Amino acid sequence: MALIKIVRRKNKQRKDGTAPLAVRISKDYKTNYFFTGQYVLEKDWDKIRGKVKSTHPNHKKLNNFLMGKLIEANGIYLDTKDKVTPIQVKQRLKGARGSKSFFNVASERIKLKYERGTFSVAKSELSILFNMEEFLNLRANDDKDTIINEIKERRRSRVSKGRKSEFSFMDSIQYFSKNKSLKFQDIDVRFIERYKTFCSVYLGQRTRTITNQLIFIRTVFNIAIKEGIVDSKYYPFAGEKEKIRIGTSHKIGLTVGEIEKIEDLVLESGTSIWHTRNVWLLAFYFAGIRISDVVKLKWSDFKNDRLFYVMGKNDKPLSLKIPEKAKPILNVYKEERNQGYVFPFLNGVDPKDSESIFVKTRNATKLFNKYLKRIAEQCGLEKNLSNHIARHSFGNIAGDRIHPLMLQKLYRHSDLKTTLNYQANFIHREADEALDRVVNF
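The following refers to the structure shown. (Residues numbered from 1 in each chain as written. Predicted model: local features only at pLDDT ≥ 70, side-chain atom pairs only at ≥ 80, totals over all residues. Heavy atoms only, no water.)

**Focus: the overall build of the protein chain**
Scanning the protein chain for helices and strands turns up 17 helices and 8 strands. Buried positions account for 43% of the 441 residues belonging to the protein chain. The long-range fraction of contacts in the protein chain, counting pairs at least 24 apart against all pairs at least 6 apart in sequence, stands at 59%. Entry remark: accessible area of the protein chain is about 25,600 Å², with carbon and sulfur atoms responsible for 50%. (Helix = DSSP H or I, 4+ residues; strand = E, 2+ residues; numbered from the N terminus. Buried < 20%, exposed > 50% of the residue type's maximum accessible area, 1.4 Å probe, protein only. Contact = heavy atoms within 4.5 Å. Areas by Shrake-Rupley, 256 points an atom, 1.4 Å probe, with all protein chains shown as cover.)

**Remarks on the nonpolar core**
Residues Ile262, Trp280, Leu282, Phe286, Phe302 and Leu385 are the most contacted members of the largest nonpolar core, which totals 51 residues. Mapped by element, the contributors of at least two residues to this core are α9 (256–264), α10 (272–285), α11 (291–295), β7 (306–310), β8 (317–321), α12 (326–334), α13 (354–379) and α14 (389–398). With 9 residues, the top contributor of residues to this core is α10. Counting 44 residues, the second-largest nonpolar core is a separate cluster that includes Leu126, Ile148, Phe176 and Leu182. (Core = buried A, V, L, I, M, F, W, Y, C linked by side-chain atoms within 4.5 Å.)

**Details of the sheet that holds strand β6 (residues 302–303)**
With respect to topology, 3 strands assemble into an open sheet ordered β6-β7-β8, the strand pairing being antiparallel. In this open sheet, the two edge strands, each paired with only one partner strand, are β6 and β8. Pairing between β6 and β7: 2 bridges, direction antiparallel. Looking at β7, one finds that phenylalanine 302 is bridged to leucine 307. (Pairing = 2+ DSSP bridges.)

**Let's talk about the pairing of strand β2 (residues 19–27)**
The buried count for β2 comes to 8 of 9 residues, which makes it a mostly enclosed element. Bridge analysis of strand β1 (residues 3–8) against β2 gives 6 bridges, and the strand direction is antiparallel. Pairing of lysine 5 across the sheet is with arginine 24, part of β2. Two elements, β2 and strand β3 (residues 30–40), share 8 bridges in a ladder whose sense is antiparallel. Looking at β3, one finds that arginine 24 is bridged to tyrosine 33. Turn length for the β2-β3 hairpin, with the two strands adjacent in sequence and antiparallel, is 2 residues, and the turn residue aspartate 28 shows positive phi of about 50°.

**With respect to the environment of phenylalanine 302**
Examined against the element boundaries, phenylalanine 302 turns out to sit in strand β6. Judged by relative accessible area, phenylalanine 302 falls into the buried class, the value being 14%. Taking the C-alpha atoms as reference points, phenylalanine 302 and serine 319, separated by 17 residues in sequence, lie 9.4 Å from one another. Among all residues touching phenylalanine 302, those that are not within four sequence positions of it are Phe286, Leu297, Leu307, Ile322, Leu330 and Val342.

**Focus on helix α4 (residues 119–136)**
For α4, with 18 residues, the first-to-last C-alpha span of 26 Å sits near the 26 Å given by 1.5 Å per residue. What α4 keeps buried is the set Phe119, Ala122, Glu125, Leu126, Ile128, Leu129, Phe130, Asn131, Met132, Glu133, Glu134 and Phe135. In this structure, the buried residues of α4 make contact with α3 (102–115), α5 (144–163), α6 (169–177), α7 (189–201), α8 (207–226) and α13. (Expected span 1.5 Å × (residues − 1).)

**A short note on the packing of aromatic side chains**
Counted under the stated rule, the structure contains 26 aromatic pairs. With centroids separated by 5.6 Å and ring planes inclined at 65°, the aromatic side chains of tyrosine 235 and phenylalanine 237 adopt a geometry described as edge-to-face. Side by side, tyrosine 235 and phenylalanine 237 carry an identical accessibility label, which is buried. An angle of 10° between the planes, with centres 6.3 Å apart, marks the rings of tryptophan 280 and phenylalanine 284 as stacked. Remark: phenylalanine 284 and tryptophan 280 occur in helix α10; sequence separation between them is 4 residues, near one turn of the helix. Pair check on accessibility: tryptophan 280 and phenylalanine 284 agree, each one buried. (Phe/Tyr/Trp six-rings, centres within 6.5 Å; stacked < 30°, edge-to-face > 60°.)

**With respect to unusual backbone geometry**
A positive phi angle, close to 60°, is found at serine 165, a residue other than glycine. Mapped onto the fold, serine 165 is located in the loop between α5 and α6. Serine 165 gets classed as exposed once you look at its relative accessible area, which sits at 66%.

**What about the pattern of salt bridges?**
All told, the structure shown has 14 salt bridges when counted by the stated rule. The salt bridge partner of glutamate 193 is lysine 196, with a shortest N-O separation of 3.0 Å. Of the two residues, glutamate 193 and lysine 196 are both situated in helix α7; the distance of 3 residues between them amounts to about one turn of the helix. Looking at glutamate 193, the relative accessible area reads 37%, which means it is partly exposed. Residue classification places lysine 196 among the partly exposed residues on the basis of a relative accessible area of 23%. Each of Arg139, Asp142 and Glu150 takes part in a single network of salt bridges with overlapping partners. (Salt bridge = Lys/Arg side-chain N within 4 Å of Asp/Glu carboxyl O.)

**Section: the sheet that holds β3**
If you walk across this open sheet you meet the 3 strands as β1-β2-β3, and the pairing is antiparallel. Strand pairing shows two members of the sheet lacking a second neighbour, β1 and β3, which therefore form its edges. The sheet shows a mean angle of 20° between the axes of neighbouring strands, direction not considered. (Axes fitted to C-alpha atoms, helices over the stretch in contact; angles between N-to-C directions.)

Encoded structure:
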């Protein structure tokens, strides 16, 4: 059981000699203080009994108020079925509406992601906060096209200021950390439905993008409940309320013949489109390694005709032999060395500056998608050629010819079920044969 007591925090004494009264909550060597907003002089405080002395003109009212806070704090421990920490009790004492807004809690999470170097997650989650702010400021009576153009212009302005170092990522974090415009209790089922509509109509987002935003909102809500900032009864994703459903989409990979067209395409050496083709093929040759990881490959990652590689998404290590088709590409770049990197896209970047590496890598992958469209046109491919289709293409050609456990290793999946679900996109033989048996009788 927690030890709960009213104390006078003399270390926070003001110039007039008064110090704040607080509910001290101690449990398992953890202590937190909930400040009551009341101040008394040392001469008016009985620290043994935890009460205001009769020398204070309002001692009866103050003691009744303090007793109410003690009863409330003890009641939180008695009423809850789950274990609660001192900080959770403190937050619940602040009231059901909590002391922090959604933006406050969300910005704290994003800041931690940023400081840990998970820049892609931090930046995508920050963009969600800007989307939610646009939603809150929506003037529904305005013309739809006008609203869309204004949103785009504000986004362009933020990007421009960021590139000119006029407004940094941390400035945005600081902005939202002070934004109290959205309380957790405001995010109910109706709010979520309206927000989904806003994302679709005004932001032009697809279902999966909207779902990712709901997952983020749910994550922040769970953090707030765990920390006692908001009561679980306000959770909009519980029971029969809002259910997040992650839809599935068709994953289409290239065939062997289509891969060969890309391999045989004649391109001028050293051009951006030439580099793009080489990076994409290397990603395919190494079992669909992510393009962002290919960009960051170093010559030190290659030893004894093997690639020793750590997947950027989940930090999982893997060792693969260098396929024969990959060797000519590597040999072309070996002469340049590119400051230790295989490809030239990270030249001039401080290897210790993880954010600059992220930015350069992101810019390179955007460039690739642009030139992959040109490669598809020149090869006469009707499929959408993108960075990630290298992974799909490996899965498509692998089909059901490679044991799932081996594919799990090659894909760096934590769960075999993930591999089976992923590979199901490319295994059609049994379904095709069943269809033939019925139709082609």
